Amino acid sequence: MSDYVGIVLVSHSAQLAAGLRELLAELASDAVRVVVAAGTEEGGLGTSYDLIARAVAEADGGAGVVVLPDLGSSVLTAVTVLEDEPRPGVVLVDAPFVEGAVSAAVTASTGAALAEVVAAAEEARAFRKL
């Protein structure tokens, strides 16, 4: 069992999500499980119910899971998965994909509880770049 909240990156693009996971690996502890559910099973652009369901299970080390979708149908597919296959401690977060993931991963790497990781991701919406 992990003491860290896991993170699932749900994106239409496997390359986009893999790049974000690479960034998170540099910024957060290796102990934080960051799992990608991106693209289709055939390798195309899109979202996959099965990939999301498997990623949530893989990311769940016992401290909870934050699910961060990029946009559009990734949100709808993630909602459907979580409604069909509810798991305690799994939260779909409405946050900017990159900034929310960075905030979530850095916060999770401190050993923060699920509620703190969710709040950090959601607060990323207010971050200004300029």
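Positions within a chain are numbered from 1, following the residues in the order the chain's sequence is written. Residues qualify for local features only when their pLDDT is at least 70, as the model is predicted, and side-chain atom pairs are given and counted only at 80 or more; totals for whole chains, interfaces and linings, by contrast, use all residues. Calculation of side-chain values draws on the structure's entire complement of heavy atoms; hydrogens and water are dropped beforehand.

Trainee: Please explain the pairing of strand E3 (residues 65-69) as it appears in this structure.
Mentor: Successive side chains on a regular strand alternate, one facing one side of the sheet and the next facing the other. Relative accessible area decides the class of each residue, using a 1.4 Å probe on protein chains only: under 20% of the type maximum gives buried, over 50% gives exposed, and in between gives partly exposed. Secondary structure elements are defined from DSSP: runs of H or I of at least 4 residues count as helices, runs of E of at least 2 residues count as strands, and each element is numbered from the N terminus. Burial runs high along E3: 5 of the 5 residues are buried. Two strands pair if DSSP finds at least two bridges between them. In this sheet, E3 lies alongside strand E1 (residues 6-11) in parallel orientation, the contact comprising 5 bridges. Considered in E3, the bridge of Leu-9 is made with Leu-68. Relative to strand E4 (residues 90-92), E3 runs parallel, the two being bridged by 3 bridges. Counted as the bridge partner of Val-65 is Val-90 from E4. Once the chain exits E3 it traverses helix H3 (residues 73-84) before rejoining the sheet at E4, and the crossover so formed is right-handed. A clockwise path from the first strand over the helix to the second, with the strands pointing away from the viewer, defines a right-handed crossover.

Trainee: Hey, could you run me through the pattern of salt bridges in this one?
Mentor: It is possible for side chains bearing opposite charge to pair when their charged atoms get close. Throughout this description, the term salt bridge denotes a Lys or Arg side-chain nitrogen within 4 Å of a carboxyl oxygen of Asp or Glu. One pass over the structure, following the stated rule, counts 4 salt bridges. In this structure, the salt-bridge partner of Asp-60 is Arg-87, at a minimum N-O distance of 3.2 Å. Of this pair, Asp-60 sits in the loop between helix H2 (49-59) and E3 while Arg-87 sits in the loop between H3 and E4, and the two are 27 residues apart along the sequence. The class of Asp-60 is partly exposed, set by a relative accessible area of 21%. The class for Arg-87 is partly exposed, based on a relative accessible area of 34%. The residue Glu-99 makes a salt bridge to Lys-129 at a minimum N-O spacing of 2.9 Å. With a gap of 30 residues between them, Glu-99 in helix H4 (residues 97-108) and Lys-129 in the segment after helix H5 (114-123) connect regions that are remote in the sequence.

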